Amino acid sequence: MNKDYYKILGVDKNASKEEIKQAFRKLAHQHHPDKGGDEKKFKEVNEAYSILSNDEKRQQYDQFGSGFDQGGFGGQGGMNWEDIFRNYQSQGQNMEFDLGDIFGGGNFSDIFSQFFNGGGGRRTRKEHGKDIVVDMEITLEEAFAGIEKEINLKKYIVCRHCKGTGGEPGSGKKKCPECGGNGQVQQTKRTIFGTFSQVITCPKCSGEGELHEKECKECKGAGRINEIETIKVDLPAGVDNEQTMKFPGKGEAAKKGGVSGDLYVRIHLKPHKIFMRKRDDIYCDAEIKFSQAVLGDKIDILTLEGDLKLKIPAGTEGGKMFKLSEKGMPRLNSYGRGDQYVRIKIKVPQKLSRKEEELIEKLKEEGL
């Protein structure tokens, strides 16, 4: 039997998308089961909206009627559970209720996967310790060579007394009274679509199914303690400003049986007196005399590896840039190095001796 989706939403067959959306929002709110509405009517409204809000489905419906898709909700029409969730996910912020309220504050993707991608089967997920982000300032020379640094962090670490088990060493174990030794408990959630059950990791025994007869005297059964730990981190050669390095497992320890978080170190390069860095290349200025610019010369240039000689050709103008190949920064996670660029500045004397003035006058007379 064909359904009249336009009639269900109370709109004309020539209704615009905006008119269809407004009608859906009004009727969905009116028939919402948690607000005393008719659940059957509520599903029917969602089915109509899922078809008429989609240009391709609406065109097929107008041509063939509601029988064009038999794979839909309840085997009738083109509606399924995923369509209903998608409708509400796209409309939730504009309605007087939202998905967070409908699902009791749960995450939409988590709830959807738990209830509709596996039927609420057994799931075991270890707790994950918190990640930590720290800022570290280093010099350009340290970034060039790579360096090992120490960081003192006050954080949760694995309890040394019980090795993270949460039990007093040597004590026996007993069956968890919460889950009966299964490591999992059943949790029931009531949603607008009915009541659903899911199996979650037991919060009391963290999925182990057992509890120690005696809790660790140091961590009180948590498997971790809060204190200062010194961590050594190796920063590779070529690390750049504002770059973040990840050190797996160096974050906070999780509760017993869990996985430690990660440590993220965000790099900040100190300003350098001579060099300026741009990615893998570095830049510097070199000041020469007027005579060196005119006649040419060899000058000392500072690099990150020490001094080298740079040949200045005769007639070099101020602002000219010379390239020193592969004298820049090491390329991180790659081969080779960047380049160093030297910009020439010509030094103009502020005071001249009488003899210097006479020589400059002669040069002036010669047209220089």
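Reading guide: rules and limits
- Residues numbered from 1 in each chain as written.
- Predicted model: local features only at pLDDT ≥ 70, side-chain atom pairs only at ≥ 80, totals over all residues.
- Heavy atoms only, no water.
- Pairing = 2+ DSSP bridges.
- Helix = DSSP H or I, 4+ residues; strand = E, 2+ residues; numbered from the N terminus.
- Axes fitted to C-alpha atoms, helices over the stretch in contact; angles between N-to-C directions.
- Disulfide = S-S within 2.5 Å.
- Buried < 20%, exposed > 50% of the residue type's maximum accessible area, 1.4 Å probe, protein only.
- pLDDT = per-residue confidence, 0-100.
- Contact = heavy atoms within 4.5 Å.
- Parallel < 35°, antiparallel > 145°, perpendicular 65-115°, else oblique.
- Left-handed = near helix turned anticlockwise from the far one by under 90°.
- Nonpolar A, V, L, I, M, F, W, Y, C, P; charged D, E, K, R; others polar.
- Core = buried A, V, L, I, M, F, W, Y, C linked by side-chain atoms within 4.5 Å.
- Phe/Tyr/Trp six-rings, centres within 6.5 Å; stacked < 30°, edge-to-face > 60°.

Draft legend 1. Fine view of the sheet that holds strand β1 (residues 132-138). Taken together, the 3 strands give an open sheet; going across it, the order is β1-β9-β8, and neighbouring strands pair in mixed fashion. Whereas interior strands pair on both sides, the edge strands pair on one side only; in this sheet they are β1 and β8 (244-247). Adjacent strand axes in the sheet meet at a mean angle of 25° when their direction is disregarded. Bridging between β8 and strand β9 (residues 263-269) involves 4 bridges; their strand directions are antiparallel. When the sheet's bridge partners are listed, methionine 245 is paired in β9 with valine 265.

Draft legend 2. Just the state of the cysteines, in detail. Considering all chains together, one arrives at 0 disulfides under this definition. For cysteine 176, which is in no disulfide, the shortest distance to another cysteine sulfur is to cysteine 179 and amounts to 3.8 Å. Cysteine cysteine 219 remains unbridged, with the sulfur of cysteine 216 as its closest cysteine sulfur at 3.6 Å.

Draft legend 3. How the structure looks around the side chain of histidine 212. Within the secondary structure layout, histidine 212 lies in strand β6 (residues 210-212). Its relative accessible area of 17% is what places histidine 212 among the buried residues.

Draft legend 4. Representation of the confidence of the model for the protein chain. Overall, the prediction assigns the protein chain a mean pLDDT of 79, with 80% of residues at 70 or greater. Scored below 50 in pLDDT, residues 69-83 shows 37 contacts in the model against residues more than four places distant or in partner chains. pLDDT under 50 marks residues 88-124. Its contacts with residues more than four places away, or in other chains, come to 68 contacts.

Draft legend 5. Fine view of the packing of helix α2 (residues 17-30) against helix α3 (residues 39-52). In the contact formed by α2 and α3, the axes pass within 10 Å of each other and the chain directions differ by 165°. Here α2 is positioned roughly antiparallel relative to α3, judged by the angle of their axes. Seen along the crossing, α2 lies across α3 with a hand that is left-handed. Contact residues: α2 offers Ile20, Lys21, Phe24, Leu27 and Ala28, while α3 offers Phe42, Val45, Asn46, Tyr49 and Leu52. Its residues assigned to classes, the contact of α2 with α3 comprises 8 nonpolar, 1 polar and 1 charged.

Draft legend 6. Geometry of the sheet that holds strand β11 (residues 281-289). With respect to topology, 4 strands assemble into an open sheet ordered β10-β11-β15-β14, the strand pairing being mixed. Each edge of the sheet is formed by a strand with only one pairing partner; in this case those strands are β10 (276-278) and β14 (321-324). In this sheet, neighbouring strand axes are inclined to one another by 30° on average, regardless of whether the strands run parallel or antiparallel. As defined by bridge partners, β14 adjoins strand β15 (residues 340-347) across 4 bridges and the pair is classed as antiparallel. In the strand pairing of β15, lysine 323 is matched with tyrosine 341.

Draft legend 7. Examining the nonpolar core more closely. In this structure, Ile138, Ile151, Leu263, Val265, Leu310 and Val342 are the most contacted members of the largest nonpolar core, which totals 35 residues. Apart from residues lying up to four places away in sequence, valine 342 is in contact with Cys284, Ala286, Ile301, Leu310, Lys320, Met321, Phe322 and Leu324. Counting 18 residues, the second-largest nonpolar core is a separate cluster that includes Leu9, Ile20, Ala23 and Val45.

Draft legend 8. Summary view of the packing of aromatic side chains. Here the structure, examined in full by the defined rule, presents 4 aromatic pairs. Measuring from centroid to centroid gives 5.9 Å for tyrosine 6 and tyrosine 61, while their planes differ by 45°, and the two rings are tilted. Separated by 55 residues along the polypeptide, tyrosine 6 in helix α1 (residues 5-9) and tyrosine 61 in helix α4 (residues 55-64) bring together distant segments of the chain. Owing to a relative accessible area of 2%, tyrosine 6 belongs among the buried residues under this scheme. The class for tyrosine 61 is buried, based on a relative accessible area of 8%. Counting every residue linked through ring pairs, the aromatic cluster contains Tyr5, Tyr6 and Tyr61.

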